Amino acid sequence: MLFLTYWFVLFACVVYPLYWLVPVRAVRLAVLLSACAVFHTHFAGPAGVLPIAVLAVLTYAAGLTRSRTFCSLVIAACVLALVFYKYTTFLLVEVVGAVRLEWRDSLGGHLHDLLPSAPPLAISFFVFEFVHYLADVCRGSPSIKSPLHFGAYAIFWPSIVAGPVKRYQDFLPAYKRGLKRVCAHDVAVGLVRVAVGLVKKVVADNLTAWLTYWGPHFDKLDVLWRWYFIACLSTRVLLDFSGYSDMAIGFARMHGIVLAENFRWPYLARDLASFWQRWHISLSTWIRDYVYIPLGGSRCGPVRKALNGLAAFALCGFWHGASWNCLAWGIYNGIGLTICSTYRRLLGRVGDGLATRFERYPQVAWALTLLYVGIGMLIFFYPVERSLRMMGLLLGGTGS
Amino acid sequence: MNESHRPGLLERSLAPWPLLLGVVTAFLACCLAGRVLGRRNCFDRFDRFHYLMDYITLYYPTTSQVQSLARETFDPAKVAVIVGGNSIMYGGGSDPEHMFTRYLQAELGDEYRVLNLAMPGEMPFEFGATAAEFLVRDYPKLILVTNTWIGPGTDAGDPDGRPELRYFFEEARARGLLMDCPEREARLRELEQQRQKDPSALELKAQLRVDGPLYFRDLWNVFTYQHLTTVWCNPLAGSWWRPRRDYPDPDKLAPPVDEATQRSLCGTYLPQLRAQIEGNRPYVRPAPGQALPPCPLERSVKACLPGPLRERTLVLVNRCCPYFLEQLTPQERGLYGETVLATVQALERAGVNALDPGRSLSTRHYGDVVHLTAEGGRRMAEEAAPKVREMARRLGYVAQGRAGPGRK
């Protein structure tokens, strides 16, 4: 958690007073860009900055040319960079290694020598923002002419690590307004958001400590405690992630820049579709706009719609982490969403009856949604086999 | 502003200037509260930092808290005795009534005031020694008693200690409480080079640089001790939120180790003991024609303790339970004895006082392989007290010929 480091406290103590006290746009821009560069370099290191810088320069240049071919090539380069840094080990060791077990160790050993120990910091966010930018430029949106404005969009420090995934059409006007004028109201609202995020993080970190301790002993818990474990796990994910988003939004606001909301009370959703409109909104709308709709969305019949949804959610899961369980979690949500959107048509009168019941008793729909999401968190956090066993244990029995 | 942005209720109703003023005032008030509260002793009937109020349960006593504890315990007119070191000095396996420091206080009498700053796992010159270094300014009549394992070939740790307790040294350093010590500075520079890529080391430095003038950890420690714990940790499990003052000292009086346990421990402990003896052989009996190599223990003591503190320091060299020594061959036992002697000599060469209190201890004085029973703690105090009194006389803390009332 980069915002909870003392280095960051010192960083913020230097950056904000400079930004607030000099009401000159050019100086503010210089302060903001320097802060972004320092923040990114400190946490990513030179090896993490270089690939992002190369991709950013290519993206900026492609945007300027507005050439569909060049933009497509750079989109491909961004995606390949993401695959190379984040997924090579998984694809070769887990996928190819699953085919020939003896390759697994040798591939793992070779890759360990060839690849950096960790992918460049937040490469997933960078790539998604660059792809969005180029795709929209290809569709006719204006490109960003100023390299400084593009730089600020690309490495805006509050949103580097955990989003929200920015849309440049929204970001640029907000950012220009922030450079022009940041008022006490912005700072106060930002501070409150940061404080809310901090409180969420404190609770989430306590839950993390508890879950880390009890996770390996899940089998030994009694059934009620296992359900309590699921409740804590779900709460922890929400508070951790939305807390981080709150802080990012708050810190941006303290620059006078309004970022889009990323969470809107997702655990109050009454169905999965609504849940995904409230959970990590910037990511789910990105996937909708740049994967689901280009695949055909809901326009090509129910089967294709279901397959498109599954593909989009598989990608969503895989984006969260290069592992089988993240992929499975994405597919699990895709299946849930498909069921949610088709059960009425597929089950005929029974489906209609169910839908009427859910409308009459929204608490039931809400509880089922929460249950589905909560159980899905097991898949997200634990290897698939173990998470399936944990799901079984929720119904009773012992682990042995 | 973002076109789609619709201010929420909080945002609409927020009055920015009163809020910002409130934030600044509250922040300054918290800093001031931390500073003021850190200067008051918050610990009720302090005996020692047991594990429910030390780093094991994520409670990190600050330098200010130790200073205020010292103010309540010590009297500038009397000799201040700080006990540092590991669980043996802490009194592991004894309740507060029967811990080593109680017996030492009883032995030394009223002219001395003993404060137990030992912690399980503490290195010889960590927490307690750091505290002694900054407390010696206010209490010049100060003696540090700490302990170490046998072995001139084993160093006494880094000057800033292990990661768990390094914060204390760094905090004292950031607040300018430590003495000048060129040997230590040189070693710290080496360590800094080695840790350049360790984010946790850099983070600790930044933390203490921020906390130094702001005292937020002092505030939080007092709050946690008196009102509410905010961090879950497993040892506190079901009652983790309770204030730390609610927890009594958890150590209970352990009986002497029985023979069946001793036998069961032999399998794991004897190979370690033999390895320890063999590892120290080059520093005790070098191969024919070879000189004694430079002694890591001597070097590390010089790098850990500044000169003025060395002469005020007594290091007890703790032996293991005699039962295990009896399982060794006579040659191994002989080498062990020589190793103990070499350890004492290495410490004395480094400029500290050293004592081997284990000669008078028998198997019934041990609760396990190394920890002492209440009776063992009493015997060790009987051995250490005359040495402490002798140091006090030599350092001019008490008049020559006055041994203090002590134990007759």
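Please read these numbers as outputs of a predicted model, since none were measured by experiment. (Residues numbered from 1 in each chain as written. Chains lettered and ligands numbered in written order. Predicted model: local features only at pLDDT ≥ 70, side-chain atom pairs only at ≥ 80, totals over all residues. Heavy atoms only, no water.)

1. Brief notes about the packing of helix α3 (residues 68-99) of chain A against helix α5 (residues 123-138) of chain A
Residues and elements named next belong to chain A.
Then comes step 1: As a packed pair, α3 and α5 sit with axes 10 Å apart at the nearest point and diverge in direction by 165°. Comparing their axes, α5 and α3 come out roughly antiparallel. Note on packing geometry: the crossing formed by α3 with α5 is left-handed. Residue-level contacts link Arg68, Cys71, Val74, Ile75, Cys78, Val79, Ala81, Leu82, Tyr85 and Lys86 of α3 to Ile123, Ser124, Val127, Phe128, Phe130, Val131, Leu134, Ala135 and Cys138 of α5.
Then comes step 2: When its residues are assigned to classes, the contact of α3 with α5 shows 16 nonpolar, one polar and two charged. (Axes fitted to C-alpha atoms, helices over the stretch in contact; angles between N-to-C directions. Helix = DSSP H or I, 4+ residues; strand = E, 2+ residues; numbered from the N terminus. Parallel < 35°, antiparallel > 145°, perpendicular 65-115°, else oblique. Left-handed = near helix turned anticlockwise from the far one by under 90°. Contact = heavy atoms within 4.5 Å. Nonpolar A, V, L, I, M, F, W, Y, C, P; charged D, E, K, R; others polar.)

2. A look at the side chain of Gln207 of chain B
Then comes step 1: Within the secondary structure, Gln207 of chain B is located in helix α9 (residues 199-214).
Then comes step 2: For Gln207 of chain B, a relative accessible area of 16% translates into the label buried.
Then comes step 3: Every residue in contact with Gln207 of chain B, bar those within four places of it in the chain, is listed here: Tyr6 of chain A together with Phe216 and Arg217 of chain B. (Buried < 20%, exposed > 50% of the residue type's maximum accessible area, 1.4 Å probe, protein only.)

3. Some details on the domain arrangement of chain A
Residue and element names in this part refer to chain A.
Then comes step 1: In terms of domains, chain A is made up of domain 1 (2-181) and domain 2 (189-393).
Then comes step 2: For domain 1 versus domain 2, the distance between C-alpha centres works out to 25 Å.
Then comes step 3: At the interface, 38 residues of domain 1 touch 35 residues of domain 2.
Then comes step 4: On the domain 1 side of the interface with domain 2, the three residues burying the most area are Phe90, Phe128 and Pro164, jointly 20% of the side's total.
Then comes step 5: Viewed at the interface, domain 2 and domain 1 are joined by one salt bridge.
Then comes step 6: Here Arg167 ties to Asp289 by a salt bridge, and the two come within 3.0 Å at their closest N and O atoms.
Then comes step 7: It is α5 that contributes the most residues to the side of domain 1 that touches domain 2, seven residues altogether.
Then comes step 8: Among the residues forming the side of domain 1 that touches domain 2, the class breakdown is 26 nonpolar, five polar and seven charged. (Domains from an automatic or database assignment. Buried area = accessible area lost by both parts, 1.4 Å probe. Salt bridge = Lys/Arg side-chain N within 4 Å of Asp/Glu carboxyl O.)

4. Re the interface of chain B and chain A
Then comes step 1: With 21 residues of chain B at the contact, the number on the chain A side is 23 residues.
Then comes step 2: Of the roughly 2000 Å² buried at the junction of chain B and chain A (both faces included), carbon and sulfur atoms supply 71%.
Then comes step 3: Our enumeration of links across chain B and chain A arrives at one salt bridge.
Then comes step 4: For Glu11 of chain B, the salt bridge identified is with Arg253 of chain A, shortest N-O distance 2.8 Å.
Then comes step 5: At the junction of chain B with chain A, the criterion picks out six residue pairs in polar contact (both at pLDDT 80 or more).
Then comes step 6: A total of five residues in the side of chain B that touches chain A trace back to one element, the largest contributor, which is helix α2 (residues 16-38) of chain B. (Polar contact = N/O pair within 3.5 Å; in protein donor to acceptor, adjacent residues only side chain to side chain.)

5. Details of the packing of aromatic side chains
Then comes step 1: Evaluated as defined, the whole model comprises 73 aromatic pairs over all chains.
Then comes step 2: Centre to centre, the rings of Phe128 of chain A and Trp319 of chain A are 5.5 Å apart; their planes meet at 40°, and the pair counts as tilted. On the criterion of sequence distance, the pair formed by Phe128 of chain A in helix α5 and Trp319 of chain A in helix α12 (residues 302-320) is long-range, its members being 191 residues apart.
Then comes step 3: According to the relative accessible area criterion, Phe128 of chain A is buried, its value standing at 6%.
Then comes step 4: Relative accessible area serves as the criterion here: at 6%, Trp319 of chain A is assigned to the buried category.
Then comes step 5: Measuring from centroid to centroid gives 5.2 Å for Tyr269 of chain B and Phe324 of chain B, while their planes differ by 80°, and the two rings are edge-to-face. Taken together, the residues span a long stretch of sequence, with Tyr269 of chain B in helix α11 (residues 259-284) and Phe324 of chain B in helix α14 (residues 322-326) at a distance of 55 residues.
Then comes step 6: Here the aromatic residues Phe3, Trp7, Phe8, Phe11, Tyr16, Trp20, Phe39, Phe43, Trp157, Tyr244 and Phe251 of chain A are joined through ring pairs into a cluster of three or more.
Then comes step 7: Between the NZ or CZ atom of Arg28 of chain A and the centre of the ring of Tyr19 of chain A, over which it lies, the distance is 5.3 Å.
Then comes step 8: The ring of Tyr382 of chain A carries the charged tip of Arg386 of chain A above its face, separated from the ring centre by 5.6 Å. (Phe/Tyr/Trp six-rings, centres within 6.5 Å; stacked < 30°, edge-to-face > 60°. Lys NZ or Arg CZ within 6 Å of the ring centre and 35° of its normal.)

6. A word on the environment of Thr57 of chain B
Residues and elements named next belong to chain B.
Then comes step 1: With respect to the element layout, Thr57 can be found in the loop between α2 and α3 (63-73).
Then comes step 2: Under the relative-accessibility criterion, Thr57 is labelled buried at 0%.
Then comes step 3: Sequence-wise, Thr57 and Trp17 are 40 residues apart; in three dimensions their C-alpha atoms are separated by 40 Å.
Then comes step 4: Non-local contacts of Thr57, meaning those with residues more than four positions away in its chain, are made with Tyr51, Leu52, Cys233, Pro235, Leu236 and Arg244.

7. Focus: the sheet that holds strand β1 (residues 79-83) of chain B
All names here are of chain B.
Then comes step 1: The five strands are arranged β2-β1-β3-β4-β5 in an open sheet whose pairing can be described as parallel. Edge positions in the open sheet fall to β2 (112-116) and β5 (353-355), since each of these has one partner strand only. Across the sheet, the mean angle separating the axes of adjacent strands is 25° when strand polarity is ignored.
Then comes step 2: Two strands pair when backbone bridges link them, and strand β4 (residues 313-318) and β5 are joined in this way by three bridges, in the parallel orientation. Of the residues in β5, the one forming a bridge with Val315 is Ala354.
Then comes step 3: Across the sheet, helix α16 (residues 374-394) lies against β1, β2, β3 (142-149), β4 and β5, angled at about 155° from β4, the strand it touches most. (Pairing = 2+ DSSP bridges.)

8. Quick look at the pairing of β4 of chain B
Residues and elements named next belong to chain B.
Then comes step 1: β4 sits mainly inside the fold: six of its six residues count as buried.
Then comes step 2: Of the two faces of β4, the one lined by Thr313, Val315 and Val317 and the one lined by Leu314, Leu316 and Asn318 are each fully buried.
Then comes step 3: One ladder, built from six bridges, connects β3 with β4; its direction is parallel. Considered in β4, the bridge of Val145 is made with Leu314.

9. Description of the nonpolar core
Then comes step 1: Core analysis: the largest hydrophobic core is formed by 120 residues, its most contacted members being Trp157 and Phe229 of chain A.
Then comes step 2: Here the element with the most residues in this core is helix α9 (residues 223-254) of chain A; it accounts for 14 residues.
Then comes step 3: Summarising the domain contributions, this core has at least three residues from each of domain 1 (2-181) and domain 2 (189-393) of chain A.
Then comes step 4: Those residues in contact with Phe229 of chain A, other than ones at most four positions away along the chain, are Trp210, Leu211, Trp214, Gly215, Phe218, Leu221, Leu378, Tyr382 and Met390 of chain A.
Then comes step 5: If you look at the next biggest cluster of nonpolar residues, it comprises 105 residues, including Val145, Cys320, Val340 and Ala342 of chain B. (Core = buried A, V, L, I, M, F, W, Y, C linked by side-chain atoms within 4.5 Å.)

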